Structures are given as structure tokens and as C-alpha cells.
Amino acid sequence: AGRVKHLQNQYEVPRHMAKLSAMAQSSCRKSDKDLENEENAKKPMEVKIMENWNKNKKDYCGECEWDDKMTCDEKVEFLKSQYEIPDDTAKATVFVSKECTLSFQKKS
């Protein structure tokens, strides 16, 4: 708002013209990188894990406990049969869950 007022007074232009001028300056706009970083921050953890699955899948154990009733591999099989999702997606979903004793979230 300060920049708009300054431009409005300095050049004696209407407020909307001063706003347009201020918005045209690169310092007023977010860069593509800033926008990309904001989008990445909004992504669910499973999506982030899946995007780098080749790197992250080495950390998936499967034999660890999901809870006191099943292992993570058993939970993966349940998710695949219940929701018809691919194996890697099910593993990433289990891996980021806090129920997994070796969860990605517990490593972070």
C-alpha cells in the first residue's frame, strides 16, 4: 500500500493506475520458484515420497509393525486389495503413516 501511495502522489495518477504500476514491478510478484515451493509445501507427504520413490523405497522395511495386529507389508496388501492402488503407492502411504514403527515422519 505504501508503494501505491507513493506512485499515486509522485506521478499524480489515479489509485488503480498506481496499483497496476506497482504490480508490474518484479519485486511485487512471486517468482515461479516461490510458487512452486508453495505448491510443494501443500502436497501430502505420500505424494512427496512417491515423487522420489526410487530414492525412498530403500527405507521401506515392510516387516516392521504397523500396529499390534499386523506388519506394514500386511497393511500394504490390505490397502491394495481394499482400494485397488498400486504397490508403490500403498507402500508410500504406509511408510509416511505415524502408525508405522519405522515411519518416514519419525525419521524427520
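In the block above lies the structure referred to throughout.
Residues numbered from 1 in each chain as written. Predicted model: local features only at pLDDT ≥ 70, side-chain atom pairs only at ≥ 80, totals over all residues. Heavy atoms only, no water.

Novice: It is not clear to me how the nonpolar core should be interpreted in this structure. Could you clarify?
Specialist: One broad rule of soluble globular proteins: the nonpolar side chains tend to lie buried together. Counting 14 residues, the largest nonpolar core has I49, W53, Y60, C72, V76 and V94 as the members making the most contacts within it. Elements that contribute at least two residues to this core include exactly helix 6 (72-83) and helix 7 (87-96). Among the elements that make up this core, the one with the highest residue count is helix 7 (five residues). Apart from the residues lying within four places of it in its own chain, the contact partners of V76 are Y60, D87, A90, K91 and V94. (Core = buried A, V, L, I, M, F, W, Y, C linked by side-chain atoms within 4.5 Å. Buried < 20%, exposed > 50% of the residue type's maximum accessible area, 1.4 Å probe, protein only. Helix = DSSP H or I, 4+ residues; strand = E, 2+ residues; numbered from the N terminus. Contact = heavy atoms within 4.5 Å.)

Novice: It is not clear to me how the side chain of K75 should be interpreted in this structure. Could you clarify?
Specialist: You can see K75 is positioned in helix 6. Filtering out sequence-adjacent residues up to four positions away, K75 remains in contact with W66, M70 and V94.

Novice: What am I meant to see in the pattern of salt bridges here?
Specialist: Enumeration according to the criterion identifies four salt bridges in this entry. With its nearest N and O atoms 3.2 Å apart, the salt bridge here joins E77 to K80. Of the two residues, E77 and K80 are both situated in helix 6; the distance of three residues between them amounts to about one turn of the helix. A residue is classified by how much of its surface remains accessible, and E77, at 44% relative accessible area, is partly exposed. Residue K80 is joined to D87 by a salt bridge in which the shortest nitrogen-to-oxygen separation is 3.1 Å. Given the relative accessible area of 28%, D87 is considered partly exposed. Because the salt bridges share partners, they merge into one network encompassing E77, K80, D87 and K91. (Salt bridge = Lys/Arg side-chain N within 4 Å of Asp/Glu carboxyl O.)

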